[in-house]
Amino acid sequence: MRVIILCDMEGISCIETWEQVNSGTAFYQESRKLYTDEMNAAVRGARAAGAHEVIVVDCHGAGGGYTFKSFLPERLELGAEYVFGYPWARYITPFEQGCDAILFVGAHAMAGTPNGVLCHTVSSESWHNAWINDTLVGESGILAAVAGCWDVPAIFVSGDDVTCQEVRTLLGAEVVTAPVKIGLGRFSARSMAPKDACALIEMRVAQALSMRNWPKPYKARAPVTFKVELATPDRVHDFMGRTGVRIEGPRMVSSTADTFWQAWDQFWYHH
Ligand SMILES: [Zn+2]
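Quick look at the structure, then.

Section: the overall build of the chain
Alright, step 1. Across its full length, the chain holds 7 helices and 12 strands.
Alright, step 2. Considering only C-alpha atoms, the chain reaches an extent of 50 × 40 × 30 Å along its principal axes.
Alright, step 3. Out of the 271 residues belonging to the chain, those deemed buried represent 50%.
Alright, step 4. The long-range share in the chain, meaning contacts at least 24 apart out of those at least 6 apart in sequence, stands at 68%.

Structural data, given as structure tokens:
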């Protein structure tokens, strides 16, 4: 069994402010340990459930040289491999080779979610909303849709309570959750102790991988349109002239293709 663990920092227990997740602060250095420990717990759970290949992707844009590189190398759990510094939601090699499931650790809710701790979608400054066809999605939805292009299901999520609910609503009640904190606002939470959060994640990941009734892969109906409402009109200039990408309004950009991966890929790159 080959699995991918996609990790973000905003949904880790005891994290609820930007200072904790943006590089260059003392808080951030403290958060790296919490982040690494919860991810390690997921690796142990996956290996206990029989995953022979565990690939962990750091998906947290911490800023500066720490973007997609927040794990503390000396603390990394043995028996897994770690992807650092790769552009967000683009590491598809394991999907192409054949992969059984993806798991989310430390996920956060989509932009605009009441009581979603540090909720945002891709960019807290430049994006308001994102849709796949007519479904409003957050980052977990985008990542699940990429994996779904290769028929890989998302089967586990840890994060705050509303993030766990968001993923279940989108992908099905079969998704196993580990709610490590209850959001009390965008910058406040009632958290488990980090060690309790790690124990919960390790147990639930093992449980998720042992289950037979996994949720179905997220496959958006073709043709697939990925649409983003940007925060300000100047942002649309970045997307002009890209194949398959349309400027729908002063702040609205869409990309349409046969599969979500194609729509996502052409949204970011000139072809
Ligand atoms: Zn993040």
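Structure's up, so let's keep going.
Examining the pairing of strand 8 (residues 176–185)
Alright, step 1. In terms of residue burial, strand 8 counts as a mostly covered element, since 7 of its 10 residues are buried.
Alright, step 2. As paired strands, strand 7 (residues 154–160) and strand 8 are joined by 5 bridges and run parallel to one another. Paired with Ser158 across the strands is Ala178, a residue of strand 8.
Alright, step 3. Taking the sense of rotation as the criterion, the β-α-β connection linking strand 7, helix 5 (residues 161–171) and strand 8 turns out right-handed.
Alright, step 4. Here 4 bridges tie strand 8 to strand 9 (residues 188–191), and the two strands are oriented antiparallel to one another. Directly across from Lys181, in strand 9, lies its bridge partner Ser191.

Some points on the sheet that holds strand 12 (residues 252–257)
Alright, step 1. Reading across from one edge, 6-5-10-12-11 is the order of the 5 strands in this open sheet, with antiparallel pairing throughout. The open sheet has two free edges, formed respectively by strand 6 (135–136) and strand 11 (245–249), since each of these has just one partner strand.
Alright, step 2. Bridge analysis of strand 5 (residues 127–132) against strand 10 (residues 224–230) gives 5 bridges, and the strand direction is antiparallel. If you follow Trp131 over to strand 10, its bridge partner there is Lys227.

Structural notes on helix 6 (residues 194–210)
Alright, step 1. With 17 residues, helix 6 should reach 24 Å at 1.5 Å per residue; the first-to-last C-alpha distance of 24 Å fits that figure.
Alright, step 2. Every buried residue of helix 6 is accounted for by Ala197, Cys198, Leu200, Ile201, Glu202, Arg204, Val205, Ala206, Ala208 and Leu209.
Alright, step 3. At its buried positions, helix 6 is contacted by strand 1 (2–7), helix 2 (26–48), strand 4 (101–107), strand 7 and strand 8.

Details of unusual backbone geometry
Alright, step 1. The peptide bond linking Ala222 to Pro223 adopts the cis configuration, its omega dihedral lying at -10°.
Alright, step 2. Counting through the fold element by element, Pro223 comes out in the loop between helix 6 and strand 10.
Alright, step 3. One non-glycine residue, Cys14, lies in the positive phi region at around 70°.
Alright, step 4. With respect to the element layout, Cys14 can be found in the loop between strand 1 and helix 1 (18–21).
Alright, step 5. Although it is not a glycine, Asn115 sits at a positive phi angle of roughly 60°.

Parameters at a glance
- Residues numbered from 1 in each chain as written.
- Predicted model: local features only at pLDDT ≥ 70, side-chain atom pairs only at ≥ 80, totals over all residues.
- Helix = DSSP H or I, 4+ residues; strand = E, 2+ residues; numbered from the N terminus.
- Buried ≥ 20, exposed ≤ 12 C-beta atoms within 10 Å, placed from the backbone.
- Contact = placed C-beta atoms within 7 Å.
- Pairing = 2+ DSSP bridges.
- Right-handed = clockwise from strand over helix to strand, strands pointing away.
- Expected span 1.5 Å × (residues − 1).

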